[in-house]
Amino acid sequence: MIGVTLFALFTIMLLGGVPIAVALGLAGATAIALADQSMFAMPTNVYAGIAKYPLMAIPMFVLVGSVFDRTGVALRLVRFATALVGAGRGALASVAVLVAMVIGGISGSGPATSAAVGQVVTRSMVKDGYPRSFIAATVGAAAATDILIPPSIAFIIYAVLVPGVSVPAIFMAGMFPGILAGFAIIVPIIIISMIKDFGGKARSDERLRVWQTFKEAIWGLMAPVVILGAMRSGFVTPTEAAVLAVAYGLFVGFVIYRSLTLRDCYEMLVEAGELSAVILIVVALASVFAWSTSTLGIVQPIAAWIVGLGLGEYGTIGLLMLVLIVIGMFLDGVSTFLILLPVLIPIANNFHWDLTWFGVILTMKIAIGQFTPPMAVNLMVSCRIAGVGMETTIPWVVWMILAMFVALALVVVFPDIALWLPRVMGLG
């Protein structure tokens, strides 16, 4: 009965517009009170929830995303990718996906990437003959790859919460699935553009030279190499790599592009501080929710019930897929992991699934939810920038969702897509 009250209260508050962190904390506290447990467990769990060294990387990765956005890296990447891909139907839309994937290798935040890429490509895509609803669908879907391509804030949270999973291992495990997801999205984009004659309308004097734009974009292209290369070499930990990425971004902004000012630094620090505070408050109060579910014995019956359905491995994955995609429409990856991992990990252990691989497929499911209407967080951002209603994107985004499903199915059937790279690198 207490378990039903816990989840019902959280759902009611969420639907009522209560902030996620507050809903998690109040629901957990209510469950503790109903079970006659000591309320002094709350402050201890709040502190323990965020007193973890890997979580220090989150504010830095949030900051580095803001730094590279303000330095104009996204614009230069778009210009280079446009010159590389060329003109024609579907070309600029494909560029938006490729740029989002590179930005994902810098910040790891889907909504942030949706905003950065959308602001850069929307105007040029409109001039190139794309309808605004298609632009919003493309940017929202492309940004979903960012929680898969390292560094990923969702991956950091997963590694912190799941014993035996390291941050470098799951970072590397997400690399190929993230790339696969990006190229899977490009396929329907090109097919739709060919059928509907989207793109290729820009004037010939707007064509860009590859070498010239490459020289402008090289510093942005090198950012993921610097971040991941430093971690792979053992020179830095993921947390230290985040700090290194910030230093690299500031160097590019002040010395190379000379597009940053001290005023920009202040605004970036405020922006990163606010966003990081939101994430870490959710983490802290979700720890109360998670503690109450485990201490009160709520998790085990739910996990046992799902296993007891007798669906087998693939049937259980299919069930989890549907549930997580629906939840992903309403919650970001961090919140989803904090709420559901206590239930999901026992299920994974029952089937003896590799927990690094399991984290990747969970994140892919959440990524699909982030651009699945009606409550898709990435799509909300891209629709606002494009100036269209979310309902207008459905004829286009449904094909991108199906493409992402195919990529997810491949990773489920062939786990080595995720596990080969960390194994070769000696991380798993």
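For the structure itself, consult the block above.
Quick summary incoming for the structure in this document. Everything numeric here is computed off the predicted structure, so don't read it as measured data. (Residues numbered from 1 in each chain as written. Predicted model: local features only at pLDDT ≥ 70, side-chain atom pairs only at ≥ 80, totals over all residues. Heavy atoms only, no water.)

Per the secondary structure count, the chain includes 21 helices and zero strands. Taken over the C-alpha trace, the chain has a radius of gyration of 21 Å; the compact-globule value for 428 residues is 22 Å, and the two agree within 12%. For the chain, the C-alpha atoms occupy an extent of roughly 75 × 45 × 45 Å along the three principal directions. In the chain, buried positions account for 54% of the 428 residues. Taking all contacts inside the chain whose residues are at least 6 apart in sequence as the whole, residues at least 24 apart take part in 80%. Total accessible area computed for the chain in this model is approximately 17600 Å², and 70% of it derives from carbon and sulfur atoms. The positive charge centre, built from 20 side chains, and the negative charge centre, built from 18, are 10 Å apart in the chain. (Helix = DSSP H or I, 4+ residues; strand = E, 2+ residues; numbered from the N terminus. Rg over C-alpha atoms; globule rule 2.2 N^0.38 Å. Buried < 20%, exposed > 50% of the residue type's maximum accessible area, 1.4 Å probe, protein only. Contact = heavy atoms within 4.5 Å. Areas by Shrake-Rupley, 256 points an atom, 1.4 Å probe, with all protein chains shown as cover. Lys, Arg positive; Asp, Glu negative; His and termini not counted. Charge placed at Lys NZ, Arg CZ, Asp CG, Glu CD.)

With that settled, the discussion passes to the nonpolar core. Counting residues in hydrophobic clusters, the biggest one holds 146 residues, and the most contacted among them are Phe134, Tyr158, Trp357, Phe358 and Met400. Of all the elements, helix H17 (residues 333-350) adds the most residues to this core, at eleven residues. Look past the residues within four positions of Phe358 in its chain and what remains in contact with it is Tyr158, Leu320, Leu344, Ile345, Ala348 and Trp353. (Core = buried A, V, L, I, M, F, W, Y, C linked by side-chain atoms within 4.5 Å.)

Our focus in this paragraph is the packing of helix H6 (residues 91-104) against helix H8 (residues 132-143). Contact pair H6 / H8: the axes reach a minimum separation of 8 Å and the direction vectors enclose 25°. Between H6 and H8, the angle is such that the two are roughly parallel. Of the two possible hands of crossing, H6 and H8 adopt the one that is right-handed. For the pair H6 and H8, the contacting residues are Ala93, Ala96, Val97 and Ala100 in the first and Phe134, Thr138, Ala142 and Ala143 in the second. Taken together, the residues that form the contact of H6 with H8 break down as seven nonpolar, one polar and no charged. (Axes fitted to C-alpha atoms, helices over the stretch in contact; angles between N-to-C directions. Parallel < 35°, antiparallel > 145°, perpendicular 65-115°, else oblique. Left-handed = near helix turned anticlockwise from the far one by under 90°. Nonpolar A, V, L, I, M, F, W, Y, C, P; charged D, E, K, R; others polar.)

A separate point is the packing of aromatic side chains. For the coordinates displayed, the defined rule picks out 14 aromatic pairs. Here Trp219 and Phe251 contribute two aromatic rings whose centre-to-centre distance is 6.1 Å and whose plane-to-plane angle is 65°, an arrangement assigned as edge-to-face. Here the residue Trp219 occupies a position in helix H12 (residues 210-232), and Phe251 occupies one in helix H13 (residues 238-256), the gap between them amounting to 32 residues. Overall, Trp219 belongs to the partly exposed group, its relative accessible area being 30%. Each residue in the set Tyr130, Phe134, Phe198 and Trp396 is aromatic and connected to the rest through ring pairs, giving one cluster. Positioned above the aromatic ring of Tyr257 is the side chain of Arg76, whose terminal nitrogen or guanidinium carbon lies 3.8 Å from the ring centre. (Phe/Tyr/Trp six-rings, centres within 6.5 Å; stacked < 30°, edge-to-face > 60°. Lys NZ or Arg CZ within 6 Å of the ring centre and 35° of its normal.)

Turning our attention to a nonpolar patch on the surface. Taken together, the side chains of Trp219, Phe251, Phe254, Val255, Ile256 and Leu262 make up a nonpolar region of the molecular surface, amounting to roughly 530 Å² of accessible area. Broken down by element, the residue count for the nonpolar patch peaks at four residues, all from H13. Examined against the element boundaries, Val255 turns out to sit in helix H13. (Patch = residues over 30% accessible without salt bridge, like charges linked within 9 Å, V, L, I, M, F, W, Y side chains within 5 Å. Salt bridge = Lys/Arg side-chain N within 4 Å of Asp/Glu carboxyl O.)

Mapped onto the elements, Ala284 comes out in helix H14 (residues 262-295). By relative accessible area, Ala284 is classed as buried at 5%. C-alpha of Ala284 to C-alpha of Ile306: the two residues are 22 residues apart in sequence and 28 Å apart in space. Setting aside residues up to four positions removed in sequence, Ala284 forms contacts with Asn45, Val46 and Ile50.

Bringing H8 into the picture now. Its twelve residues give H8 an end-to-end C-alpha distance of 17 Å, which sits within 8% of 16 Å, the value for a rise of 1.5 Å per residue. Judged by how many residues are buried, H8 sits mostly within the fold: eleven of twelve residues are covered. Within the span of H8, buried status applies to Ser133, Phe134, Ile135, Ala136, Ala137, Thr138, Val139, Gly140, Ala141, Ala142 and Ala143. Contacts made by the buried residues of H8 are with H6, helix H7 (110-127), helix H11 (175-196), helix H19 (377-386) and helix H20 (394-413). (Expected span 1.5 Å × (residues − 1).)

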